[in-house]
Number of protein chains: 2
Amino acid sequence: MGSVAWKQLLLNALESNAHLKHSSFMQLATVGTNGTPSNRTVVFRGFQDNTDNIQINTDARTRKIEELKLCSSAEICWYFTDSWEQFRINGNVDIIDGSNAEPLKLQQREHSWFASSLRSRSQYLCPNPGLPCLHEQAQPDISLDPSTGPIDAFCLLILEPHQVDYLNLKSNQRLTFKSSVSAAAEKSWTVERVNP
Amino acid sequence: MGSVAWKQLLLNALESNAHLKHSSFMQLATVGTNGTPSNRTVVFRGFQDNTDNIQINTDARTRKIEELKLCSSAEICWYFTDSWEQFRINGNVDIIDGSNAEPLKLQQREHSWFASSLRSRSQYLCPNPGLPCLHEQAQPDISLDPSTGPIDAFCLLILEPHQVDYLNLKSNQRLTFKSSVSAAAEKSWTVERVNP
């Protein structure tokens, strides 16, 4: 198993489960502001450029943003229901909202915005998620111009993996991938077979 | 919405997704010993007696036990892939292993052991999960007598829910259920409709 072999395993899993709409759904755990765990389903939005960093779109008004500002560490648990594979991906999350000072990051955020469907984008115009619902009736359809850039509430999360635990329930094999960073700031991965 | 209405919603979801083997799979987040989040798939083993407490079987040698001993708080994220419903169930976890001092709890552990398949039970005889795998070859089949009681490594977890967040992606409705305990130690639930 060479470097970043977990990424290839993940790409294979995505391909073999691609017929399932929910194959891009994963669970993101963070530490809550009171020190207790939080866990919710998020959507995988691809890898960032040619890296192994994982992209997630989210609403800046959700609780996870507040949590990640206090503790940037997160763990994704991603179970593929057809191939019976689980990936546990542990890493740090970079929050990229409209106030980010780095032009390159703002550009990535914009790219992620336009890569989303118009339907996904219009969700960021909805009332504050998690707050009491003031209207008993369904919200009127919100129309958003396709050329409109990222709304304030739109936030791109980039998870940089540090450790990946891979479990295959069909072959009953489990692998642990660990990253380390060299003096020259180069990241490398080691892999070990562990008991399932 | 009356008391413990979330339990009825969950029972309905279990029923409408029962044709999917993975419908009993949920993701359990804990806080790791270094303060960072952990997340893994576990299997729902039913409610404890007539309560709304959630039962999970696990191996006492897994990292989650060490983590739960330090921080008993956990959050389940359970996404039902056919009905598009998500339950986030936050609560405290009671760890019941063979050393438990309460006879009633030991009885519950034994009950959960015999309620598992023989195949599930024999997993607790396997080498220590997560430790380096010393044998390149597949393990020989381990035979376990069906009358044998719980193995040392077998552990029952009971999650007592404090808060439940329910999201239905088909109807786009979201509900937050919160529990409180009266002076007479009676638990009650309130529900609020919140923005999805």
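Keep in mind the model is a prediction, meaning the values are calculated, not measured.

What follows is about the overall build of chain A. Across its full length, chain A carries 4 helices and 8 strands. Mapped from its N terminus to its C terminus, chain A presents α and β elements in the order α-β-β-β-α-β-β-α-α-β-β-β. In terms of C-alpha radius of gyration, chain A reaches 18 Å, essentially the compact-globule figure of 16 Å for 196 residues. When its C-alpha atoms are laid out on the principal axes, chain A stretches across 50 × 40 × 35 Å. At a minimum sequence separation of 6, the contacts of chain A that also span at least 24 residues come to 61%. When the accessible surface of chain A is summed, it comes to about 9,700 Å², and 50% of that surface belongs to carbon and sulfur atoms. Here chain A contributes 18 positively and 21 negatively charged side chains, and the mean placements of these two sets differ by 4 Å.

Another aspect to go through is the packing of aromatic side chains. Tallying each qualifying case throughout the model produces 22 aromatic pairs over all chains. Consider the rings of Phe 44 of chain A and Trp 78 of chain A, whose centres lie 4.9 Å apart with planes at 50 degrees: the pair is tilted. In this pair, Phe 44 of chain A sits in the loop between β2 (37-43) and β3 (54-59) while Trp 78 of chain A sits in strand β4 (residues 73-80), placing the two residues 34 residues apart along the sequence. The two residues Phe 44 of chain A and Trp 78 of chain A agree in class, both being buried. Ring centres 6.1 Å apart and planes at 55 degrees place the aromatic pair Trp 113 of chain A and Tyr 124 of chain A in the tilted group. Note that Trp 113 of chain A is positioned in helix α3 (residues 103-115) and Tyr 124 of chain A in the loop between α4 (118-122) and β6 (154-168), a separation of 11 residues in sequence. Residue Trp 113 of chain A is classed as buried on the basis of its relative accessible area, which comes to 0%. The exposure class of Tyr 124 of chain A is buried, given its relative accessible area of 11%. Among the aromatic residues, those joined into a ring-pair cluster are Trp 6, Phe 44, Phe 47, Trp 78, Phe 80, Phe 87, Tyr 166 and Trp 189 of chain A. Seen from the ring of Trp 84 of chain A, Lys 21 of chain B lies directly overhead, with NZ or CZ sitting 4.9 Å from the centre.

Residues and elements named next belong to chain A. Although it is not a glycine, Ala 185 adopts a positive phi angle of roughly 65 degrees. Checked against the element boundaries, Ala 185 lands in the loop between β7 (173-181) and β8 (187-194). Residue class for Ala 185 comes out exposed when judged on its relative accessible area of 60%.

With that settled, the discussion passes to the UniProt feature "domain: Pyridoxamine 5'-phosphate oxidase Alr4036 family FMN-binding" (unreviewed entry) in chain A. Cross-referencing UniProt, the feature "domain: Pyridoxamine 5'-phosphate oxidase Alr4036 family FMN-binding" (unreviewed entry) maps to residues 5-96 of chain A in the present numbering. In residues 5-96 of chain A, the share of helix is 22% and the share of strand is 43%. The end C-alpha atoms are 27 Å apart.

About the cut-offs
Residues numbered from 1 in each chain as written. Chains lettered and ligands numbered in written order. Predicted model: local features only at pLDDT ≥ 70, side-chain atom pairs only at ≥ 80, totals over all residues. Heavy atoms only, no water. Helix = DSSP H or I, 4+ residues; strand = E, 2+ residues; numbered from the N terminus. Rg over C-alpha atoms; globule rule 2.2 N^0.38 Å. Contact = heavy atoms within 4.5 Å. Areas by Shrake-Rupley, 256 points an atom, 1.4 Å probe, with all protein chains shown as cover. Lys, Arg positive; Asp, Glu negative; His and termini not counted. Charge placed at Lys NZ, Arg CZ, Asp CG, Glu CD. Phe/Tyr/Trp six-rings, centres within 6.5 Å; stacked < 30°, edge-to-face > 60°. Buried < 20%, exposed > 50% of the residue type's maximum accessible area, 1.4 Å probe, protein only. Lys NZ or Arg CZ within 6 Å of the ring centre and 35° of its normal. UniProt positions renumbered as here; feature names shortened; annotations may be inferred.

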